[in-house]
Amino acid sequence: DTGVSQDPRHKITKRGQNVTFRCDPISEHNRLYWYRQTLGQGPEFLTYFQNEAQLEKSRLLSDRFSAERPKGSFSTLEIQRTEQGDSAMYLCASSAREGGTDTQYFGPGTRLTVL
Amino acid sequence: AQSVTQLGSHVSVSEGALVLLRCNYSSSVPPYLFWYVQYPNQGLQLLLKYTSAATLVKGINGFEAEFKKSETSFHLTKPSAHMSDAAEYFCAVTRNTGKLIFGQGTTLQVKP
């Protein structure tokens, strides 16, 4: 059983460029989550999908951010016109129902640096 | 609204000593609680979770946590610290609505 994978692991970009990250969940998991983690902080929720439907978006997710999960499999997170404040670790998680609750398993993350 | 407070951003223990990492939660309904560990430049690994089945929860790597409703706490303990336990630890809460709410994290340092 492979875990959650994310690509790329690291991304360095210049301010104003667009970036796209990919997340491949554990195959039988129907829920997929995106979080953002800045240095010294806990992860903050961005958005989540159940199958291909995006069910909740955080107010942190500005108009420059968009996430998709076509066909309910992998997901992409795009940031347009990046800003230095977007520099962070972007974490993806997928979940399965275990013991009556949704248990989230995380990928290794994509570290974004905006110069 | 739910929230999590982790008391102590840094905890230092000697190898072989007791590890105690504190977590208090705020939730208007019975919560589900989790502890995750994060090693440098890696994602989060699930240590254990509380789902109301038992108040004392055992996890991986010798960690356990006790849910105390009266104290709204879910502290993480390990009887004997190992050098490999040095990492960042996060407590998280959810009402099973999907998103996890995380605490600020506690960095555990283990001294030889």
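Quick look at the structure, then. As the structure is a prediction and not an experimental result, all values here were calculated from the model.

Overview of the overall build of chain B
On a plain count of helices and strands, chain B comes out with zero helices and twelve strands. Seen in sequence order, chain B has helices and strands lined up from the N terminus as β-β-β-β-β-β-β-β-β-β-β-β. Relative to the 2.2 N^0.38 estimate, which gives 13 Å for 112 residues, the radius of gyration of chain B is 13 Å and therefore close to what a compact globule would have. Taking the principal axes of its C-alpha atoms as reference, chain B extends roughly 40 × 30 × 20 Å. When burial is assessed residue by residue, chain B has 46% of its 112 residues classed as buried. For chain B, contacts bridging at least 24 residues in sequence account for 56% of all contacts bridging at least 6. With the model as given, the accessible surface of chain B reaches about 5,300 Å², and the carbon-plus-sulfur share is 52%. Computed over 9 positive and 6 negative side-chain charges, the inter-centroid distance for chain B is 9 Å.

Focus on the side chain of Thr110(A)
All names here are of chain A. With respect to the element layout, Thr 110 can be found in strand 11 (residues 110-114). The class for Thr 110 is buried, based on a relative accessible area of 0%. Here Pro 8 takes part through its backbone oxygen, which lies 2.5 Å from a polar atom of the side chain of Thr 110. Contact partners of Thr 110, with chain neighbours within four places excluded, come to Gln 6, Asp 7, Pro 8, Arg 9, Phe 21, Ala 88, Met 89 and Tyr 90.

Here is what the cut-offs are and how they apply
Residues numbered from 1 in each chain as written. Chains lettered and ligands numbered in written order. Predicted model: local features only at pLDDT ≥ 70, side-chain atom pairs only at ≥ 80, totals over all residues. Heavy atoms only, no water. Helix = DSSP H or I, 4+ residues; strand = E, 2+ residues; numbered from the N terminus. Rg over C-alpha atoms; globule rule 2.2 N^0.38 Å. Buried < 20%, exposed > 50% of the residue type's maximum accessible area, 1.4 Å probe, protein only. Contact = heavy atoms within 4.5 Å. Areas by Shrake-Rupley, 256 points an atom, 1.4 Å probe, with all protein chains shown as cover. Lys, Arg positive; Asp, Glu negative; His and termini not counted. Charge placed at Lys NZ, Arg CZ, Asp CG, Glu CD. Polar contact = N/O pair within 3.5 Å; in protein donor to acceptor, adjacent residues only side chain to side chain.

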